[in-house]
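# Architecture at a glance
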Amino acid sequence: MRYISSNKGRSERNIVTSKEVREKNELRKLPMMPIRDMVIFPYMMTPFVVGRETSVRALEEALTGDRKIFLATQHDARVDEPRAEDIYSVGTVGNIVQSVKMPDGNIKGLVEGLERAKAVELNDSDGFFVATVRMPKTDPGPLSGIEQLTQRVTSLFEQYVKLQQSLNYETMIAAVRTDEPGKLADTIAANLQLEIPEKQQLLEIFDPAERLLRLADVLDIEIEKLNMERSIQSRVKRQMERAQKEYYLNEKIKAIQKELGRSEKSEFDELKKKIESAGMPKPVFDKAIQELRKLEAMPPMSAESTVSRNYLDWLLAVPWKKKSKETRSIEKAEKVLNEDHYGLEKIKERILEFLAVRQLVKNPKGSILCFVGPPGVGKTSLGMSIAKATGRKFVRMSLGGVRDEAEIRGHRRTYIGALPGQIIQSMKKAGTKNPVFMLDEVDKMASDFRGDPASALLEVLDPEQNSSFQDHYLDVEYDLSEVLFVATANVLHTIPAPLQDRMEILRLHGYTEAEKVEIAKQYLIKKQRENTGLTEKNIVFTDDAIITIIRSYTREAGVRNLEREIGNICRKVARRVVKSGAKHKEEITADNVADFLGVAKFRDSQVHEKSEVGLVTGLAWTEVGGSILPTEVQILDGKGKLTLTGQLGDVMQESAQAALSYVRSRALHLGLTRDFYRNVDIHIHVPEGAIPKDGPSAGITMATALASALAKIPVRRDIAMTGEITLRGKVLAIGGLKEKLLAAHRAGIFEAILPKDNEKDMAELPDNLRNAMKLHFVDSMDEVLQLALEGPLPELHEEAAQVLASVPPPPAITPEQRPHQ
């Protein structure tokens, strides 16, 4: 469509009014009026009010002529002053049937659509549009095909009118009774409730047959939409009717029961009976009755009634008086503990002590135990055994990664979807008020802007306070004093000190090799045989095979990986049994373990082959047990620089500095001058540099290595040591004694130097380890050197030291002075 702006007067306009619009492909110039929010179709009588100045002028121009006007729809109805590109090019030539001038200047008119036309040129002349339009004629096609299409479209439109409530059925059916395909299509299109772009698409189809086909598709879609809407409305209506019916019947039942005097059978009376029989303390009982009265006064369909009902359900679900009947027989409890766990004598003794106190005291306060130890030593399973031994229910709550205080105390009822905290939820799960409650991984809690769950646990784990624990949701006091709380942790330093103070700490050390062998023979092999469907006739483990698995395929304080490797072997044997038959038997020995598990994953650190200068075997503690820690010292020419390598932590570096200061202070006793350090560089290295190391217990190890390297005296290869050193040469106590001695025993070292203050820890050592090791307990570094060095120290007297110190060092040799070979 071309748009030409023109300012010529009315006399220069060329508007043809004498010819009919039905002539084929005839061009005509007509006043054009853009319309909004509607599409005018041929054969359509449309009333409208014209208010825009340009539209009023176009209408007046048409009225002065043959009353013909071109009507085209705007793309955007919000545009008040449209341009040519804002108007669709295809519109309808209409005849102005009536027009009335309104007092406000607007014109109210009635227009009859005559024929669709396409504007090929648009002129802006004297304040309104003049369009040059073409009205093409199309052949309707074969009569038989058109008739079938007409019948189909008429049938679809009848279905559409029946579903569309806004249309009058009789009026619409009368309107589509015509033999002209084009008129039928335009009449139906004009009465369809479609979007403006869809209607415009129908208007732009000039061929009647094509227009009918398009209408058939549109009607199919619209009928499907209307059917879906009617189905949804019907479903919603039925639900509303059902809800209203239920409400009406419930009210009627209440009224009938009230008249018959049978109100005790109502839901509220049942709730009241449950409250009375729950055994609640008086403040809780009063709160529940008050909430029940509020619930009775609320409409059943209100949201608040659901909140109140849920609150009452939680109050009734929590155990207030129900208890488990305890097994107080110490013999039976001891038998259960021994069946489930090997070793752990100290832990078993504490549990039996607890049971003994329960027999002597009628209402003792609940105990709070905390098992601390490396992974896989049986902390969680020990809690289950306690519940089994005492006949109590067992519930477990994992605290790993918990950051929100509401996990402990719950949310207040004002929040949507509020629930009690995990403590109350677990008590509901237990069903009794005296279960064994395990707080797993208590060392892995965190805190953020939502609160500190560790602080919330202070009330739970305090025997003086937990008799009146208050959950935010329940908002009443709940007695936790009869609960036996058992917490587990891998380390203590991440647990806040106030929380540690409320718990009795029981340490579970790693198992010795002999204990692991017994655990495997008594528990693990049997369990994995059952899990894989094998019998004792199919697979047999020798003791040497178990020791090989422990030493070469696991490195842990517990037995979790040991069980995993045994299960791996059992699965491979199970495959062979299936393949060879049920009588197939495998004996697992130290020689064929590698056939099942592959190359050894670990190699035990062994003692070095010979005694060397500056090489000492230390002992270290790790989270998976103990390890030996070779420490090397090399003396180099230099200017007194100390180099530390091997990924040593700050504390370990400070120990090295303290060791060097001690050696300098004892220089004369080591056969050294007082200023020996000025002419040498000292390098201390701890192998396996990829592994970070820290702690003070390597102090005497590094001091011994320094003394050996400086005095040129070898250190005994068959002795290990551990202890913290002071600047005055005192040896201080260390931790992890059992694990360190186990590591020395595994490495083939049977003699160790230990701090005197650790002599009290001998009671914790297994008898077999205590008998196998020769232990030296020392107070000072001088004792360490006497035990560790292979020869005596060459002590230097003060006079000789002064003479040596006064001798100047030899001059440096220049390259020219060096002898030639």
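Residues numbered from 1 in each chain as written. Predicted model: local features only at pLDDT ≥ 70, side-chain atom pairs only at ≥ 80, totals over all residues. Heavy atoms only, no water.

## Here's the deal with the packing of aromatic side chains
Scanning the entire structure with this criterion turns up five aromatic pairs. Taking the centre distance of 5.9 Å and the plane angle of 90° together, the rings of Phe676 and Tyr677 count as edge-to-face. Classification of Phe676 by relative accessible area gives buried; the value is 9%. Tyr677 gets classed as partly exposed once you look at its relative accessible area, which sits at 21%. Sitting over the ring of Tyr311, Arg413 keeps its end group 3.8 Å from the ring centre. Sitting above the plane of the Tyr677 ring, Arg664 keeps its charged end 3.7 Å from the centroid. (Phe/Tyr/Trp six-rings, centres within 6.5 Å; stacked < 30°, edge-to-face > 60°. Buried < 20%, exposed > 50% of the residue type's maximum accessible area, 1.4 Å probe, protein only. Lys NZ or Arg CZ within 6 Å of the ring centre and 35° of its normal.)

## Observations concerning a negative patch on the surface
A grouping of Glu331, Glu334, Glu345, Glu349 and Glu353 is seen on the molecular surface, where their side chains present a negatively charged patch. Elements with a contribution of two residues or more to the negative patch: α10 (330–340) and α11 (345–360). No other element matches the three residues that α11 contributes to the negative patch. Among the structural elements, Glu331 can be located in helix α10. (Patch = residues over 30% accessible without salt bridge, like charges linked within 9 Å, V, L, I, M, F, W, Y side chains within 5 Å. Areas by Shrake-Rupley, 256 points an atom, 1.4 Å probe, with all protein chains shown as cover. Salt bridge = Lys/Arg side-chain N within 4 Å of Asp/Glu carboxyl O. Lys, Arg positive; Asp, Glu negative; His and termini not counted. Charge placed at Lys NZ, Arg CZ, Asp CG, Glu CD. Helix = DSSP H or I, 4+ residues; strand = E, 2+ residues; numbered from the N terminus.)

## Digging into the sheet that holds strand β8 (residues 368–372)
Strands sit in the order β9-β10-β13-β8-β14 across an open sheet of five strands; the sheet is parallel. Lying at the two open borders of the sheet, with one neighbouring strand each, are β9 (394–398) and β14 (504–507). With strand direction ignored, the average angle separating the axes of adjacent strands in the sheet is 20°. Where helix α12 (residues 379–390) meets the sheet, it contacts β8, β9, β10 (436–440) and β13 (484–489), and its direction lies at approximately 175° from that of β10. (Pairing = 2+ DSSP bridges. Axes fitted to C-alpha atoms, helices over the stretch in contact; angles between N-to-C directions. Contact = heavy atoms within 4.5 Å.)

## Quick look at the side chain of Arg409
Relative to the helices and strands, Arg409 resides in helix α13 (residues 406–409). A distance of 3.4 Å separates the side chain of Arg409 from the side chain of Glu459, its partner in a polar contact. Excluding residues within four positions of it along the chain, Arg409 makes contact with Gly421, Ala456, Glu459, Phe469, Gln470, Asp471, His472 and Tyr473. (Polar contact = N/O pair within 3.5 Å; in protein donor to acceptor, adjacent residues only side chain to side chain.)

## A closer look at the packing of helix α17 (residues 513–532) against helix α18 (residues 543–553)
Following both chains from N to C, one finds α17 and α18 inclined at 115°, their axes separated by 10 Å at the closest point. When the interaxial angle is binned, α17 and α18 end up roughly perpendicular. The handedness of the crossing between α17 and α18 is right-handed. Note on element contacts: α18 touches α17 through Asp543, Ile546, Ile547, Ile550 and Arg551, opposite Glu513, Lys516, Val517, Ala520, Lys521 and Ile525. (Parallel < 35°, antiparallel > 145°, perpendicular 65-115°, else oblique. Left-handed = near helix turned anticlockwise from the far one by under 90°.)

## Remarks on the pattern of salt bridges
In this structure the tally under the stated criterion is 35 salt bridges. Of the charged contacts, one joins Glu482 and Lys433 as a salt bridge, the two residues approaching to 3.6 Å between their closest N and O atoms. Here the residue Glu482 occupies a position in the loop between β12 (477–478) and β13, and Lys433 occupies one in the loop between α14 (422–430) and β10, the gap between them amounting to 49 residues. Here Glu482 falls in the buried class, since its relative accessible area comes to 19%. Two residues, Lys527 and Glu563, come together in a salt bridge whose shortest N-O distance is 3.1 Å. Here the residue Lys527 occupies a position in helix α17, and Glu563 occupies one in helix α19 (residues 560–580), the gap between them amounting to 36 residues. A residue is classified by how much of its surface remains accessible, and Glu563, at 18% relative accessible area, is buried. Residues joined by salt bridges that share partners form a network here, namely Arg116, Asp186 and Arg211.

## Concerning the environment of Ile539
Mapping Ile539 onto the fold places it in strand β15 (residues 539–541). Exposure remark for Ile539: the relative accessible area of 1% places this residue in the buried category. As for Ile539 and Lys585, which are separated by 46 residues in sequence, their C-alpha atoms are 5.7 Å apart. For Ile539, the residues in contact, after removing those within four places along its chain, are Arg529, Leu534, Ile569, Cys570, Val573, Glu586 and Ile588.

## Description of the confidence of the model for the chain
Averaged over every residue, the pLDDT of the chain is 82; the share at 70 or more is 89%. Every residue in residues 2–24 scores below 50 in pLDDT, and together they form 43 contacts with partners more than four places removed in sequence or on other chains. Every residue in residues 803–821 is under pLDDT 50, and counting partners more than four places away or in other chains gives four contacts. (pLDDT = per-residue confidence, 0-100.)

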